[in-house]
Amino acid sequence: MPDHQERDDHFDAANAQFAIGDHQAAITGYRRCVELDPEFFDGWHALGMALMKTEQLTEAIGCGLQSTTLRHNDLLAWTALSQMFMNNGQIA
């Protein structure tokens, strides 16, 4: 069973790091979140967005796909995935 407290602590810290522009530290934190809880939609979504911000688009798309798998009706997840594909030149 995932340790939600540890996951949430990493998520909060990663969000703070992202907010101050330390994207690599945020990515490390978000990765830890999804390691602790592979079903954590918010972690996958945030990781994908941070990876897109740092132009690590192939991995970002993988995270975006995982987000849409976890919440297949989530408009935010689909919008983010579309942005990732656009940034990667896969759709106009």
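Remember, predicted model here, so these are calculated numbers, not experimental data.

### With respect to the overall build of the protein
Turning to step 1, where the next piece is worked out: Within the protein, the secondary structure is distributed over five helices and zero strands.
Turning to step 2, where the next piece is worked out: Helices and strands in the protein line up, N terminus first, as α-α-α-α-α.
Turning to step 3, where the next piece is worked out: The C-alpha extent of the protein, read off along each of the three principal axes, is 40 × 30 × 20 Å.
Turning to step 4, where the next piece is worked out: Looking at the protein as a whole, 38% of its 92 residues are labelled buried.
Turning to step 5, where the next piece is worked out: By sequence separation, contacts in the protein at least 24 residues apart represent 51% of the contacts at least 6 residues apart.
Turning to step 6, where the next piece is worked out: Summed over its atoms, the accessible surface of the protein is roughly 5300 Å², and 54% of this surface lies on carbon and sulfur atoms.
Turning to step 7, where the next piece is worked out: Counting 5 positive and 13 negative side-chain charges, the protein places the centres of these two groups 3 Å from one another.

### Structural notes on the pattern of salt bridges
Turning to step 1, where the next piece is worked out: Evaluated as defined, the whole model comprises six salt bridges.
Turning to step 2, where the next piece is worked out: Arg32 serves as the salt-bridge partner of Glu6, at 3.4 Å between the closest nitrogen and oxygen. Taken together, the residues Glu6 in helix α1 (residues 4–19) and Arg32 in helix α2 (residues 23–36) connect sequence positions 26 residues apart.
Turning to step 3, where the next piece is worked out: Of the residues examined, Arg32 reaches a relative accessible area of 30% and is grouped as partly exposed.
Turning to step 4, where the next piece is worked out: Linked through salt bridges whose partners overlap, the residues forming this network are Glu6, Arg32 and Glu35.

### With respect to the nonpolar core
Turning to step 1, where the next piece is worked out: In this structure, Phe11, Tyr30, Leu47, Leu51 and Met84 are the most contacted members of the largest nonpolar core, which totals 21 residues.
Turning to step 2, where the next piece is worked out: Residue assignment for this core shows that the elements contributing at least two residues are α1, α2, α3 (41–53), α4 (57–70) and α5 (75–87).
Turning to step 3, where the next piece is worked out: Setting aside residues up to four positions removed in sequence, Met84 forms contacts with Gly48, Met49, Met52, Leu57, Ala60, Ile61 and Gly64.

### Section: the packing of α2 against α3
Turning to step 1, where the next piece is worked out: Direction vectors running N to C along α2 and α3 enclose 155°, while the axes themselves pass 9 Å from each other. The angle between the axes of α2 and α3 places the two elements in the roughly antiparallel class. Crossing angle aside, the handedness with which α2 passes α3 is left-handed. Contacts between α2 and α3 involve His23, Ile27, Tyr30, Arg31 and Val34 on the former and, on the latter, Gly43, Trp44, Ala46, Leu47, Ala50, Leu51 and Lys53.
Turning to step 2, where the next piece is worked out: The class makeup of the residues in the contact of α2 with α3 is eight nonpolar, two polar and two charged.

What counts and how
Residues numbered from 1 in each chain as written. Predicted model: local features only at pLDDT ≥ 70, side-chain atom pairs only at ≥ 80, totals over all residues. Heavy atoms only, no water. Helix = DSSP H or I, 4+ residues; strand = E, 2+ residues; numbered from the N terminus. Buried < 20%, exposed > 50% of the residue type's maximum accessible area, 1.4 Å probe, protein only. Contact = heavy atoms within 4.5 Å. Areas by Shrake-Rupley, 256 points an atom, 1.4 Å probe, with all protein chains shown as cover. Lys, Arg positive; Asp, Glu negative; His and termini not counted. Charge placed at Lys NZ, Arg CZ, Asp CG, Glu CD. Salt bridge = Lys/Arg side-chain N within 4 Å of Asp/Glu carboxyl O. Core = buried A, V, L, I, M, F, W, Y, C linked by side-chain atoms within 4.5 Å. Axes fitted to C-alpha atoms, helices over the stretch in contact; angles between N-to-C directions. Parallel < 35°, antiparallel > 145°, perpendicular 65-115°, else oblique. Left-handed = near helix turned anticlockwise from the far one by under 90°. Nonpolar A, V, L, I, M, F, W, Y, C, P; charged D, E, K, R; others polar.

None of the figures reported here should be taken as evidence of function without further support.
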